[in-house]
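Examination of the molecular architecture
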Amino acid sequence: MKVNIVDDAKFDTAVADFIAEEVRCNPSANICFPTGDTPKKIYRELSLRVQSGQLSMASVHAFGLDEWGSLPETSKARCSARMYEQLYRNVDIPSEHIYCMDTLVPDVDDMCKKYEKRIADLGGLNLAIVGVGINGHIGFNEPGSQKTDRTRKVTLSATTQRVAKKYQLDVIPTWGVTLGIQTLFATEKILIIVNGQHKADMMTKLINGLETTNVPVTLLRNHPNCTLILDSSAASLLTGWQA
Ligand code: PGA
C-alpha cells in the first residue's frame, strides 16, 4: 500500500487530483464512489473541474459503494441521493452510466447479484474509492467481514448505527448493502481516503496493526495497487510519518 500524507488543507485537492488523473488516463474508467463526510469537498472540487472544462467524466461509469436498507425513496440520506446531490448532478457522467444499489426491491439478494454482474459485464472496476469508518469498516463491510465476501446484504454494526445519527434519519437502518471485500479486491486500483483526528486511532491499526477481519480495511492493504491518502490529522498518531 502506498501511503501519501498531505496537509489537512490540501487533502481534498490531492484526492481530486488522483481521481482526475485516473479519468484522464482512462476516460471510460469504471469507478466506485463512496458517500460520507470524507468525499464531500472532493466531489465539490471534481464538480468545479468538470464545470470549468478542465476535466470530462462523460465516458466514466459510476457505481455506488453501498446503500442503507429500508430508507424511503424520498429520503435525502440515501447514498444514491447524496451521490446525485454532491457529484452526479454537477458533472457530465451520463445518467445511463450511473449505477446505484436499490434496497427497496423485493429481492435484495438478487439485486446484489445483478449489481456484481453489471460490474463484470463492463470489464470490472478500474478504481474503487473507499472511505474508512471509525471501526475500520469499508462501505458496509463491518468487522467480521471476510476476504471472500461479495456484494451482499449486511447487518450494520452498533458503531455504524450510532454514527448514522449524523444523517438525521427518522429511523436508523439496521441493515445495508455493500460491495464486498472480494469485489473491491478484484478492482484494478484501490484508493483509500481518510481525514480527521477522529480516524487517527484507526490509522495506527491500518498501518501498524495485523491484517484482521476485525478491522476490514486491513484486508485491502495488500492489494497490488492500493493507495492511501490521509491528512495530517488522521496521521497524527503515526510515528515516523509526516506530510
Ligand atoms: P465518513 O464515513 O466519511 O462520514 O467518515 C466513512 C465511512 O463510514 O465509511
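Just above sits the structure.
Summary of the structure given here. Since the structure is predicted, the reported quantities are computational estimates derived from the model, not experimental observations.

A separate point is the pairing of strand 2 (residues 30-33). Here strand 2 shows two buried faces, one formed by Asn30 and Cys32 and the other by Ile31 and Phe33. Pairing of strand 2 with strand 3 (residues 61-64) involves four bridges; the strand directions are parallel. Note on strand 3: the bridge partner recorded for Asn30 is His61. Where the polypeptide runs from strand 2 across helix 2 (residues 40-51) and back to strand 3, its parallel neighbour, the crossover connection is right-handed. Across two bridges, the pairing between strand 2 and strand 6 (residues 127-130) is parallel. In the sheet register, Ile31 faces strand 6, and the bridge partner there is Leu127.

Near the ligand, the surroundings consist of Gly36, Asp37, Thr38, Gly131, Val132, Gly133, His137, Lys166, Tyr167 and Lys199. Interatomic distance of 2.4 Å between a side-chain N/O atom of Thr38 and an oxygen atom of the ligand. When the ligand is considered free in solution it has 280 Å² of accessible area, and contact with the protein chains removes 85% of it. When its residues are assigned to classes, the shell around the ligand shows two nonpolar, five polar and three charged.

Attention now goes to the nonpolar core. Counting residues in each nonpolar core, the largest one holds 38 residues, and the members touching the most others are Leu179, Ile192 and Leu230. For this core, the secondary-structure elements that each account for two or more residues are helix 4 (108-121), strand 6, strand 8 (175-178), helix 6 (181-185), strand 9 (189-194), helix 7 (200-208) and strand 10 (226-231). At five residues, the largest contribution of residues to this core is made by helix 4. If we skip the residues at most four places from it in the chain, Leu230 touches Val3, Asn4, Ile5, Val6, Phe11, Val194, Met203, Ala235 and Leu238. One finds Val23, Ile42, Val50 and Val60 within the second-largest nonpolar core, a separate group that totals 30 residues.

To continue, consider the sheet that holds strand 4 (residues 66-68). Read from one edge of the open sheet, three strands run 4-8-7, paired in antiparallel fashion. Looking at strand neighbours, the two that pair on one side only are strand 4 and strand 7 (152-155), the edges of this open sheet. Each neighbouring strand pair of the sheet contributes to a mean axis angle of 25 degrees, computed without reference to strand direction.

This part is about the packing of aromatic side chains. For the structure shown, the criterion picks out seven aromatic pairs. Look at Phe63 and Tyr115: their rings are 5.7 Å apart centre to centre, the planes differ by 85 degrees, and that puts the pair in the edge-to-face class. Residue Phe63 is found in strand 3, and its partner Tyr115 is found in helix 4; the two are separated by 52 residues along the sequence. For the pair formed by Phe63 and Tyr115, the shared burial category is buried. Ring geometry for Trp68 against Phe140: centres 4.9 Å apart, planes inclined by 55 degrees, an arrangement best described as tilted. Residue Trp68 is found in strand 4, and its partner Phe140 is found in the loop between strand 6 and strand 7; the two are separated by 72 residues along the sequence. Take Trp68: its relative accessible area is 4%, and that puts it in the buried class. Through a chain of ring-to-ring contacts, three or more aromatic side chains come together here, namely Phe33, Tyr43, Tyr84 and Tyr88. Between the NZ or CZ atom of Arg82 and the centre of the ring of Tyr167, over which it lies, the distance is 4.1 Å. If you follow Lys153 out to its NZ or CZ, it ends over the ring of Trp175, 4.3 Å from the centre.

This next bit is on the side chain of Ser80. Mapped onto the elements, Ser80 comes out in helix 3 (residues 79-86). Its relative accessible area of 14% is what places Ser80 among the buried residues. Non-local contacts of Ser80, meaning those with residues more than four positions away in its chain, are made with Glu67 and Cys100.

Looking now at the packing of helix 1 (residues 11-25) against helix 2. The interhelical angle for the contact between helix 1 and helix 2, taken along N-to-C directions, is 55 degrees, at an axis separation of 9 Å. Taken together, the axes of helix 1 and helix 2 lie oblique to each other. The hand of the helix 1/helix 2 crossing is right-handed. Note on element contacts: helix 2 touches helix 1 through Lys41, Ile42, Glu45, Leu46 and Arg49, opposite Phe11, Asp12, Thr13, Val15, Ala16, Asp17, Ile19 and Ala20.

Thresholds, definitions, all that
- Residues numbered from 1 in each chain as written.
- Predicted model: local features only at pLDDT ≥ 70, side-chain atom pairs only at ≥ 80, totals over all residues.
- Heavy atoms only, no water.
- Buried < 20%, exposed > 50% of the residue type's maximum accessible area, 1.4 Å probe, protein only.
- Helix = DSSP H or I, 4+ residues; strand = E, 2+ residues; numbered from the N terminus.
- Pairing = 2+ DSSP bridges.
- Right-handed = clockwise from strand over helix to strand, strands pointing away.
- Near = heavy atom within 4 Å.
- Polar contact = N/O pair within 3.5 Å; in protein donor to acceptor, adjacent residues only side chain to side chain.
- Areas by Shrake-Rupley, 256 points an atom, 1.4 Å probe, with all protein chains shown as cover.
- Nonpolar A, V, L, I, M, F, W, Y, C, P; charged D, E, K, R; others polar.
- Core = buried A, V, L, I, M, F, W, Y, C linked by side-chain atoms within 4.5 Å.
- Contact = heavy atoms within 4.5 Å.
- Axes fitted to C-alpha atoms, helices over the stretch in contact; angles between N-to-C directions.
- Phe/Tyr/Trp six-rings, centres within 6.5 Å; stacked < 30°, edge-to-face > 60°.
- Lys NZ or Arg CZ within 6 Å of the ring centre and 35° of its normal.
- Parallel < 35°, antiparallel > 145°, perpendicular 65-115°, else oblique.
- Left-handed = near helix turned anticlockwise from the far one by under 90°.

It is worth stressing that arrangement in space is one thing and function is another; only the former is reported here.
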